[in-house]
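Below are the chains, spelled out letter by letter.
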Amino acid sequence: MAVRLVFSTALLAGGAAWVWGGLASAPAAAAGAAPVVASVSPASGPIGGGTQVTITGSGFTGATAVTFGSAGPGTSLHVNSDTSVTVTSPARSSKFLGNTVDVTVTTPNGTSSTSTQDEFTYTYNTTSSPAETISLTSPSPASDYVPLGTNVTVTASDPSYTGAEAYGISALDVSNPASPVVLAHTGSATSVSSSPIAKSSFTVARYVGELDACTGTPPCPTGPVGLVSQGAVSSPVTVIWEGAPTITAVAPATGPTAGGTSVTITGANFAGASSVMFGSTAAANFVVTSPTSIVATSPPGTSTVDITVTTPIGTSATVPADRFTPVNGYDMVGSDGGVFVFPPPNAPGQGFFGSLPGLGIHVNDIVGIVATPSNKGYWLVSAAGAVYAFGDATYSGRVSSPPSPIVAIAGNPSGTGYWLVAANGKVYGFGGAASFGDLPSLGVNVADIVGMVPTSDGKGYLLVGADGGLFAFGDAVFLGSLPGLGVHVSDVVGAVPTT
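Note that the structure is predicted; figures quoted are calculated from it, not measured.

Thresholds, definitions, all that
- Residues numbered from 1 in each chain as written.
- Predicted model: local features only at pLDDT ≥ 70, side-chain atom pairs only at ≥ 80, totals over all residues.
- Heavy atoms only, no water.
- Helix = DSSP H or I, 4+ residues; strand = E, 2+ residues; numbered from the N terminus.
- Areas by Shrake-Rupley, 256 points an atom, 1.4 Å probe, with all protein chains shown as cover.
- 1 Å grid on protein atoms, 1.4 Å probe; cavity = no way out; pocket = protein on both sides within 12 Å on 5 of 7 lines; lining within 4 Å.
- Points joined across faces, edges and corners; volume = space filled by probe spheres on them.
- Phe/Tyr/Trp six-rings, centres within 6.5 Å; stacked < 30°, edge-to-face > 60°.
- Buried < 20%, exposed > 50% of the residue type's maximum accessible area, 1.4 Å probe, protein only.
- Core = buried A, V, L, I, M, F, W, Y, C linked by side-chain atoms within 4.5 Å.
- Contact = heavy atoms within 4.5 Å.

A.B. asks: Could you give me a rundown of the overall build of the chain, with the residues and numbers involved?
C.D. replies: For the chain, the count of helices and strands is one helix and 41 strands. Put simply, the chain shows about 24,200 Å² of open surface, and 57% of that area lies on carbon and sulfur atoms.

A.B. asks: Requested: an account of the layout of surface pockets, with residues and values cited.
C.D. replies: Here the second largest pocket is characterised by a volume of approximately 460 Å³. Forming the walls of the second largest pocket are 16 residues, and the residues nearest its centre are Val-453, Leu-462, Val-496, Pro-497 and Thr-498.

A.B. asks: Explain the packing of aromatic side chains to me, using residue names and the numbers behind them.
C.D. replies: Inspection of the entire model under this criterion finds nine aromatic pairs. Judged by centre distance (5.3 Å) and plane angle (90 degrees), the ring pair of Phe-68 and Phe-120 falls under edge-to-face. With Phe-68 in strand β7 (residues 65–68) and Phe-120 in strand β12 (residues 119–123), this pair connects stretches of sequence that are 52 residues apart. Summarising the burial analysis for this pair, Phe-68 and Phe-120 share the class buried. Ring geometry for Phe-278 against Phe-324: centres 5.4 Å apart, planes inclined by 90 degrees, an arrangement best described as edge-to-face. Within this pair, whereas Phe-278 is found in strand β24 (residues 275–278), its partner Phe-324 is found in strand β30 (residues 323–327), the two being separated by 46 residues in sequence.

A.B. asks: Which residues make up the nonpolar core, and what values go with them?
C.D. replies: In terms of nonpolar packing, the biggest core is built from 16 residues, with Ile-55, Val-66, Phe-68 and Phe-120 touching the most fellow members. Among the secondary structure elements, those contributing two or more residues to this core are β4 (36–41), β6 (52–58), β7, β9 (84–88), β10 (100–107) and β12. Not counting residues within four places of it along the chain, the set of residues in contact with Ile-55 comprises Val-37, Ser-39, Val-40, Phe-60, Val-66, Thr-83, Ser-84, Val-85, Val-87, Val-103 and Val-105. Core analysis: the second largest hydrophobic core is formed by 15 residues, Ile-265, Phe-270, Val-305 and Phe-324 among them.

A.B. asks: If you had to explain the side chain of Thr-311 to someone new, which residues and values would you point to?
C.D. replies: Looking at the element boundaries, Thr-311 is found in strand β28 (residues 305–311). A relative accessible area of 5% places Thr-311 in the buried class.

As structure tokens, this is what we get:
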């Protein structure tokens, strides 16, 4: 009996394959490429671990481990895609601070090769509670300013350590957290002191003490050694070397006697400034914007003073360049309600608090302005009796359709109210400004009143006429007038009190 064998081909997923007796055999799959690390972000983290790191590259599918050099594998590995994985860095105990490791990714196809793109640096920090308390007995206090050239010795100690592991003590400079510098080390001892350190220019340095691990029988080796744990590192002390403060300029060098001027003080060695004085009076407030600049607010004053700056190193010597002169200022108002302040303010809220044109209000009958006692506001008044309050001035009312035009406004000493005065001598009191009488109530008929002068206690006032006549009300005292002297004029426009 004859047997016939039949052969045919079929296109399979892996390419062409022979079918024998209806059974197919596909070729073995080609081996995949090993993973490649292109970047690590962030590229540094604390020695205690816990940093979430994203690694980018290729060939990450099926990743089983991400290793941080000799620190060991990371935790919480998550494969985001074939080009990205995230992982939490492990702690780097018993290794040098600042040591850089290669981060490698392992998949079924192999482990990535190391390169400069995969590096991760362990840095110093003190976020964990210390396992042991490493004391820095000097420098002291924890933040200390010392004059340039002054010697400082860093001393670290831990007499309480009772662990089974042999240890030593180190004093380190961690000004650059990624690359601490061992200043001094001793093996199997409870304290260590560095050689005296002095700086000749402005320098900020941070120091810590460290509990060191070593193997074998003490004494431990000298030089940089590994940490027992991150928690065994003490909190840092900061030492700042600087010279005494000096002032080279103040701007502006003048301001209102009421204070409130923002003054920029330029000089050197302002770090740690504890006070700024205008003569014997402290600045209202100040901000150290840099070691060479301070912005201070002037206090009230009446005479030229030297500005001085005090730091932990000392107080600046007085020089002509540090002088500040308070000056009396004044405000003007136009009939349109425009306000002009002299000297011009150099910061918001200094003298100028707004105007009618600035509010989009268009008038042409403003007749007066008066400042509040604090000089942080003012009132404007119109001939029609309208009152406008700016700054800390409080609006307490107006006169509607006065029978005689309003000619002036005056504020009471407490700033709680104001008086409006009409040309016929009518007085309108608002807020805390009480009325003590007026000319119409006395049956005096005039039409030429031009102003009012309140008394210092606010319990009286004088009305002033264009002919120089004066009318006293309340506790105001009449001391004479131009008509009483036989002087006949009609162009007096105002009066001011004298002391």
